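# Geometric and topological summary
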Amino acid sequence: MIALVDGNSFYVSCERVFDPRLEGRAVGVLSNNDGCVVARSHELKALGVAMGAPLHLLPPAVRRQAVMLSSNYALYGDMSRRVNQVLGEFSPDVEPYSIDESFVGFSGFPEGELEPRCRELRDTVGRWTGIPVGVGLAPTRTLAKLANRLAKREPAFEGVCRLDAEGEATRRVLEACPVDDLWGVARRSAERLALMGIENAWQLREADPRWVRSRFSVVMERMVWELRGRPAIVLDDMSEPRRRLLVSRSFGRLTGERHELEAAMRQHCARAGEKLRRQGSLAQAVQVFVRTNPFLAGEPQYRNAAVVALPAPSADSRELLAAASRALAAIYLEGYRYQKCGVMLLDLVDVERRQASLLETPEDDARRARSQRLMAALDRLNREMGRDTVRFGLPRRDNAWKLRCERRTPRYTTSWDELMRVKTGR
DNA sequence: TCTGGGGTCCTAGGACCC
DNA sequence: TCTGGGGTCCTAGGACCC
């Protein structure tokens, strides 16, 4: 059996731990740039605010009542780590799946103890971290996801719901579950399934797996097995290094200026380089993309991307930057108001498994060693003295790409400075 | 004035090889 | 009238997740 443990309105719950005045109020947390609502307290949901709703399109009445906060990822990431630490007290097999949910494996535990154990787990997480969680217990991840939804939705479960593979109760639950409520089935697939008369999870479970595979894909076939209680989904190990890496931001305001796009690109490159070195990888190619604001229907639209291969796998920000500059030059056009720019590092390989070139000379080795020392020094300065202590190119005032985040709360658990400001009321 | 950011996996189809 | 058969590798794009 496997449990899915999921924080209720996770970002909102993190904020409430440190500001109890938010308790009982309609609270939302916004995406970067204060653009969309990405987390909602249940009071905010009750006001009819949808996930992903743009802030500026919310009805004025809602905006007056609700507390809207900028996102504070340093805080949420740290709280997430604490929750997982508690989960580790209950099973050696904890797989973080996202910032607010983890799978906890219970194979080998006596069947009868599982539900009480999950209740104790839930209580302990709540007591030790302040975060309320829901627990779904089932033989497969797909069923555990479903059980988790029930645990949160039906008060009678008191936050913990077990769903077995067989039995009348399971059948009733699956019949009441539209296919697009399943983990991994969204609008497109649901539409196609509906055309074939499959509208709820029970109908999908009863379909012939081979037929499903031939009409859809191996992904949908796995869904059938999972619904029948046979595990078919393996998660990739979150501790493995990423295979690609993206840094992108929307601009605080639109801009057509080439130098502003270049400044943003440099910033993203530097950040991407840091992430790359932190996970011990080298990139073999760099992609840059730009686009206008697709929501402005009346404006001329443009989006494009270019990839530039690096001469050799590298984690040197200067080399990433040189490649990214060429990519940007290849796609930049005058006459558009750009909304977003991003840098993606591709074909990442482990630094330890770097393939040496036949043409390498001792000078190449020496140059690589110097590059590594320089980047290590750069990362340390920026880590210890604060972001952007050392940077590429000159900063400008009033950057278009500067983020709006006007309502961020203090980083209570990771910044002494900000915590002290709370205490002294400054 | 104003609509996020960061990932993964799978498939189809083209290029290429013998 | 008529132009093989079987592979691999790569990429772009779709779909999905949180």
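- Per an unreviewed UniProt entry, the recorded name for chain A is DUF4113 domain-containing protein, and the organism is Halomonas alimentaria.

### Quick notes on the protein's contact with DNA strand B
- Of all residues adjacent to DNA strand B, which total 26 residues, the nearest are Ser31, Arg243, Leu246, Ser248 and Ser250.
- In DNA strand B, the atoms that sit within 4 Å of the protein are 75% sugar and phosphate, with bases accounting for the remainder.
- Interatomic distance of 2.8 Å between a side-chain N/O atom of serine 31 and a sugar or linking oxygen of DNA strand B.
- Arginine 222 has a polar side-chain atom sitting 2.9 Å from a phosphate oxygen of DNA strand B.
- Residue assignment for the surface near DNA strand B shows that the elements contributing at least two residues are α11 (218-227), β9 (245-255) and β12 (338-346).
- For the surface near DNA strand B, the class distribution of residues is nine nonpolar, eight polar and nine charged.

### A few points about empty space enclosed by the protein
- Throughout the structure, instances matching the rule amount to two cavities of 30 Å³ or more.
- Estimated volume of the second largest cavity: approximately 80 Å³.
- Val83, Ile99, Asp100, Glu101 and Ser102 are the residues nearest the centre of the second largest cavity, which is lined by 13 residues in total.

### A few points about the protein's contact with DNA strand C
- The immediate surroundings of DNA strand C are formed by 13 residues, with Ser98, Asp100, Lys145, Gly184 and Ser189 found nearest.
- Sugar plus phosphate, as a fraction of atoms of DNA strand C within 4 Å of the protein: 100%.
- Contact distances for DNA strand C include 3.3 Å between a phosphate oxygen and a backbone N or O atom of valine 185.
- The contact in question runs from a phosphate oxygen of DNA strand C to an N or O atom on the side chain of serine 189, over 2.3 Å.
- Contributions of two or more residues to the surface near DNA strand C are made by β5 (94-98) and α8 (187-195).
- Per-element tally for the surface near DNA strand C: the top contributor is α8, with three residues.
- Its residues placed into classes, the surface near DNA strand C shows five nonpolar, three polar and five charged.

### Some points on the sheet that holds strand β8 (residues 160-162)
- Read from one edge to the other, the open sheet built from five strands follows the order β5-β6-β1-β7-β8, with strand pairing classed as mixed. Of all strands in the sheet, those bounded by a partner on one side alone are β5 and β8. Taking the axes of each pair of neighbouring strands and ignoring which way they run, one obtains an average angle of 20 degrees across the sheet.
- Sheet topology note: the strand β1 (residues 2-7)/strand β6 (residues 101-105) ladder contains five bridges and is antiparallel. The residue bridging alanine 3 from the neighbouring strand is valine 104, located in β6.

### A look at the pattern of salt bridges
- Under the counting rule described, the total for this entry stands at 29 salt bridges.
- Among the salt bridges present, the one from aspartate 364 reaches arginine 367, with a minimum N-O distance of 2.9 Å. Placement of the pair is aspartate 364 and arginine 367 together in helix α14 (residues 362-385), with a separation of three residues, close to one helical turn.
- Overall, arginine 367 belongs to the partly exposed group, its relative accessible area being 44%.

### Let's talk about the packing of helix α13 (residues 317-331) against α14
- α14 packs onto α13 with a crossing angle of 95 degrees between their chain directions and a minimal axis gap of 10 Å. One element, α13, and the other, α14, form an angle in the roughly perpendicular class. Packed against α13, whose contacting residues are Ser317, Arg318 and Glu319, the element α14 presents Arg367, Ser371, Leu374 and Met375 at the interface.
- Residues of the contact of α13 with α14, tallied by class, amount to two nonpolar, two polar and three charged.

### Considerations on the UniProt feature "domain: UmuC" (unreviewed entry) in chain A
- Mapped onto this numbering, the UniProt entry annotates "domain: UmuC" (unreviewed entry) at residues 2-186.
- Taken end to end, residues 2-186 comprises 39% helix and 19% strand; its first and last C-alpha atoms sit 23 Å apart.

### Notes on the domain arrangement of chain A
- The assigned domain composition of chain A is domain 1 (2-139), domain 2 (168-228) and domain 3 (251-385).
- Distance between the C-alpha centres of domain 1 and domain 3: 33 Å.

### A closer look at a nonpolar patch on the surface
- Taken together, the side chains of Leu381, Met385 and Val390 make up a nonpolar region of the molecular surface, amounting to roughly 270 Å² of accessible area.
- Assignment of secondary structure puts leucine 381 in helix α14.

### Quick notes on the pairing of β12
- Judged by how many residues are buried, β12 sits mostly within the fold: nine of nine residues are covered.
- Here β9 runs beside β12; their pairing, made up of seven bridges, is antiparallel. Along β12, the bridge assignment pairs serine 248 with glycine 342.
- Strand direction decides the pairing type here: strand β10 (residues 281-292) and β12, joined by eight bridges, are antiparallel. Bridged to phenylalanine 289 within β12 is glycine 342.

### Overview of unusual backbone geometry
- If you check the backbone angles, serine 9 has positive phi at about 35 degrees while not being a glycine.
- Its place among the elements puts serine 9 in the loop between β1 and α1 (10-18).
- A relative accessible area of 21% places serine 9 in the partly exposed class.
- Even without being glycine, aspartate 347 reaches a positive phi, approximately 50 degrees.
- Positionally, aspartate 347 belongs in the loop between β12 and β13 (349-350).
- The class of aspartate 347 is partly exposed, set by a relative accessible area of 49%.

Reading the values: the criteria
Residues numbered from 1 in each chain as written. Chains lettered and ligands numbered in written order. Predicted model: local features only at pLDDT ≥ 70, side-chain atom pairs only at ≥ 80, totals over all residues. Heavy atoms only, no water. Near = heavy atom within 4 Å. Polar contact = N/O pair within 3.5 Å; in protein donor to acceptor, adjacent residues only side chain to side chain. Helix = DSSP H or I, 4+ residues; strand = E, 2+ residues; numbered from the N terminus. Nonpolar A, V, L, I, M, F, W, Y, C, P; charged D, E, K, R; others polar. 1 Å grid on protein atoms, 1.4 Å probe; cavity = no way out; pocket = protein on both sides within 12 Å on 5 of 7 lines; lining within 4 Å. Points joined across faces, edges and corners; volume = space filled by probe spheres on them. Pairing = 2+ DSSP bridges. Axes fitted to C-alpha atoms, helices over the stretch in contact; angles between N-to-C directions. Salt bridge = Lys/Arg side-chain N within 4 Å of Asp/Glu carboxyl O. Buried < 20%, exposed > 50% of the residue type's maximum accessible area, 1.4 Å probe, protein only. Parallel < 35°, antiparallel > 145°, perpendicular 65-115°, else oblique. Contact = heavy atoms within 4.5 Å. UniProt positions renumbered as here; feature names shortened; annotations may be inferred. Domains from an automatic or database assignment. Patch = residues over 30% accessible without salt bridge, like charges linked within 9 Å, V, L, I, M, F, W, Y side chains within 5 Å. Areas by Shrake-Rupley, 256 points an atom, 1.4 Å probe, with all protein chains shown as cover.

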